[in-house]
Amino acid sequence: MNSLIQYTLRIADSSLILGQRMSQWCSNGPTLEEDIAMSNIALDLFGQANGFYEYAAQLDGSRSADELAFKRNEREFFNHQLSEQENGNFGTTTVRNFLHDAFNFLFYTELASSKDETLAALSAKSLKEVKYHLRHSSNWLIRLGDGTQESNMKVQESLNFLWQYTGELFEMDEIDNEMLDEGAGVDNNKLRKGWDEIINSTIEKAKLTRPVDGYMANGSKKGIHTEHLGFLLAEMQFLPRAYPDAKW
Amino acid sequence: MKEEHFQKQIDTEQKIEPKDWMPEQYRKHLIRQISQHAHSEVIGMQPEGNWITRAPSLRAKMILLAKVQDEAGHGLYLYSACETLGISREKLVQQLHDEKAKYSSIFNYPTLTWADMGAIGWLVDGAAIINQVSLQRTSYGPYSRAMIKICKEESFHQRQGYEIMAEMAKGTPEQKTMAQDALNRFWWPSIMMFGPQDSESPRTGNAMKWKIKRQTNDELRQSFIDKTVGQAEIIGLKIPDPDLKWNEERKHYDFGEMDWEEFWNVVNGNGPCNKQRLAHHKKAHDEGEWVRNAAQEYAKKQESATN
């Protein structure tokens, strides 16, 4: 598989998997308004995933966007491990999304000036939505962190747990380097400074403590995941797998 | 005097607005009906929400999620319309949890296969539209306006549901079986959505006089059946009613007897999912409590900081 396809799939996979997680909130939100907001975010993410999958499918030439989403196995998915983490309580979801949104915001900002016109256009479109996602998750992080003692403890706990999945956001492998050299990809290392600024200032406003770096998970670029992904895919892919000849 | 003026407003098709005088019974009737409608939208998210994570394509996933999100939005408009009658959303939800308020019984049936997403859109939204189109002309202004807004989205949902059914009915033999099975399971509950027969409906009298309802249960049900029979024929599915046949004299379809024992059982809490739907709603509500508290606390701190 060529690097551009692989690079595009990674982006699409993170959007799809995080979207799938967000869609699990439907009818489970803490308020009706928040239920609607989370469905909205899920819809944005599915739309982004669809755009990147369509591009990957076009480059690939042998598989459709739906086949890419529904017919690949755990080890063939390249989403960030952060995106597949379980929803937990509303605070866990808030923290997970905040950490991811801050990265995505910076990533799409850079990728919007990619030499690859399609990646640039898809990123520019995604960026508009991700700005809103980041505002939504930061505002909630601040509200929960600076809300009650209980809410502060809950989000701090989620932050401490999820921190281990933030390291791999900034990793570079041979595909990233190749894409960067061609002027088509992003230098993830360079995003760290901006990310730290967003994280630190928001955490401060939220009266939370930034966790100390410890064990950092990695491997999603090679299809290594946490145990959650298999279950997520089994559920998501069930129909197209069970009825391979059917059109829906 | 007041009562006469009120009835005159109704008779001359002027909408009743929140600040207008209205009989207490009119207010009560509306609170019951609008809140039941709002709860139905919100509880109705569950049977379809059951398939969002398993929708079979990216497009199907987005359509279904957007649909369920619309329903949440309808719930919001309707709670707001209800609040204009002087009751809080919190209290309405409490009534739901205390089983003092009802929601449409149709949502107490389980969604077992993907075809049920088609059947719900086609039949359940189809039945809801018939009712809601009629309610666009209801006498209470905020309710009428909410209905106008909701109807636009519902007709879209119905087409999407019908599309799922049509696609499956012409698909593989397994898909066709699923589609027919969904129609078999949802047909009777759908036509029961219009409520008891007019002869058994205790509240129709005043509701018609006050123009809260503009057509009776039986009229609406007949209109739904007349519309739907042809749609089933086009996609080659069979409506599970041996007594269904065109009556040339009435210019309507005749249809079989509904199972009223089942109807009243489900209305009274003894349906296949009554307990689960309510438990799901309570659980989400309870689990969200700390979040709502935190948001309130934060808002208070912000307020005192700016004062």
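Owing to the predicted nature of the structure, the values given are computational and were not obtained by experimental measurement. Think of each chain on its own: its residues are numbered from 1, step by step along the sequence as written. Whichever chain is written first is A, and whichever ligand is written first is 1; the rest continue in order. Confidence filtering applies because this is a predicted model: local features only for residues at pLDDT of at least 70, side-chain atom pairs given and counted only at 80 or more, and all residues used for totals across whole chains, interfaces and linings. Each side-chain value is worked out from all heavy atoms of the structure, with water and hydrogens disregarded.

**Student:** Is there a simple way to explain the nonpolar core in this structure?
**Tutor:** One broad trend across soluble globular proteins is that nonpolar side chains are buried collectively. To qualify as a nonpolar core, a set must consist of buried Ala, Val, Leu, Ile, Met, Phe, Trp, Tyr and Cys residues joined through side-chain atoms within 4.5 Å. Summary of the burial criterion: residues with accessible area below 20% of their type's maximum are buried, those above 50% are exposed, and those between are partly exposed, where the area comes from a 1.4 Å probe applied to protein chains only. If you look at the biggest cluster of nonpolar residues, it comprises 166 residues, and the most contacted ones within it are Tyr53, Leu99 and Trp195 of chain A together with Tyr26 of chain B. Strands are runs of DSSP state E lasting at least 2 residues, helices are runs of H or I lasting at least 4, and numbering of each runs from the N terminus. Here the element with the most residues in this core is helix 2 (residues 32-60) of chain A; it accounts for 14 residues. Any two residues having at least one pair of non-hydrogen atoms within 4.5 Å are treated as being in contact. In contact with tyrosine 53 of chain A, other than residues within four places in its own chain, are Leu9, Ala12, Asp13, Leu16, Ala65, Leu68, Ala69, Arg72 and Phe77 of chain A together with Leu58 of chain B.

**Student:** Where do I start with helix 7 (residues 141-169) of chain B in this structure?
**Tutor:** Every α-helical turn comprises 3.6 residues, leaving residues that sit three or four positions apart pointing alike. In a regular helix each residue adds 1.5 Å, so 29 residues correspond to 42 Å; helix 7 of chain B covers 42 Å between its end C-alpha atoms and thus fits that length. Two axes enter the definition of the bend at a residue: one is fitted to the seven residues ending there, the other to the seven starting there, and the bend is the angle between them. At cysteine 151 of chain B, helix 7 of chain B shows its strongest bend, of approximately 30°. Expected helix span is given by 1.5 Å per residue-to-residue step, counting one fewer step than there are residues.

**Student:** Sorry, what's going on with the environment of threonine 209 of chain A here?
**Tutor:** Residue and element names in this part refer to chain A. When you line up the elements, threonine 209 lands in the loop between helix 9 (188-205) and helix 10 (228-236). Through-space distance from the C-alpha of threonine 209 to that of leucine 159 is 8.8 Å; in sequence the pair is 50 residues apart. With residues up to four places along the chain from it excluded, the contact list for threonine 209 reads Gln156, Leu159 and Ile203.

**Student:** Explain the interface of chain A and chain B to me, please; I cannot follow it from the model alone.
**Tutor:** The figure often quoted for interface size is the accessible area lost as the parts come together. Between chain A and chain B, the residue contacts involve 49 residues of the former and 42 residues of the latter. Throughout, buried area stands for the accessible area (probe radius 1.4 Å) lost by two parts on being put together, summed over both. Surface buried jointly by chain A and chain B totals about 3,900 Å² across both partners, of which 72% is contributed by carbon and sulfur atoms. Broken down residue by residue, the surface that chain A buries against chain B is led by Leu32, Leu43 and Trp248 of chain A, which jointly contribute 17%. Salt-bridge detection follows one rule: a side-chain nitrogen of Lys or Arg within 4 Å of a carboxyl oxygen of Asp or Glu. For the interface between chain A and chain B, the tally reads two salt bridges. For arginine 89 of chain B, the salt bridge identified is with glutamate 33 of chain A, shortest N-O distance 2.4 Å. Contacts described as polar in this section are N or O atom pairs within 3.5 Å, which, within protein, must combine one atom able to donate a hydrogen with one able to accept it, while residues neighboring in sequence count only if both atoms come from side chains. Summed over the shared surface of chain A and chain B, the result is 13 residue pairs in polar contact (both at pLDDT 80 or more). Contributing elements (two or more residues each) for the side of chain A that touches chain B: helix 1 (3-23), helix 2, helix 3 (65-70), helix 5 (90-111), helix 6 (117-145), helix 7 (149-162), helix 10 and helix 11 (238-242) of chain A. Note that Gly is not counted as nonpolar here; it falls among the polar residues with everything else outside the nonpolar set of Ala, Val, Leu, Ile, Met, Phe, Trp, Tyr, Cys and Pro and the charged set of Asp, Glu, Lys and Arg. Partitioning the side of chain A that touches chain B into residue classes produces 23 nonpolar, 16 polar and ten charged.

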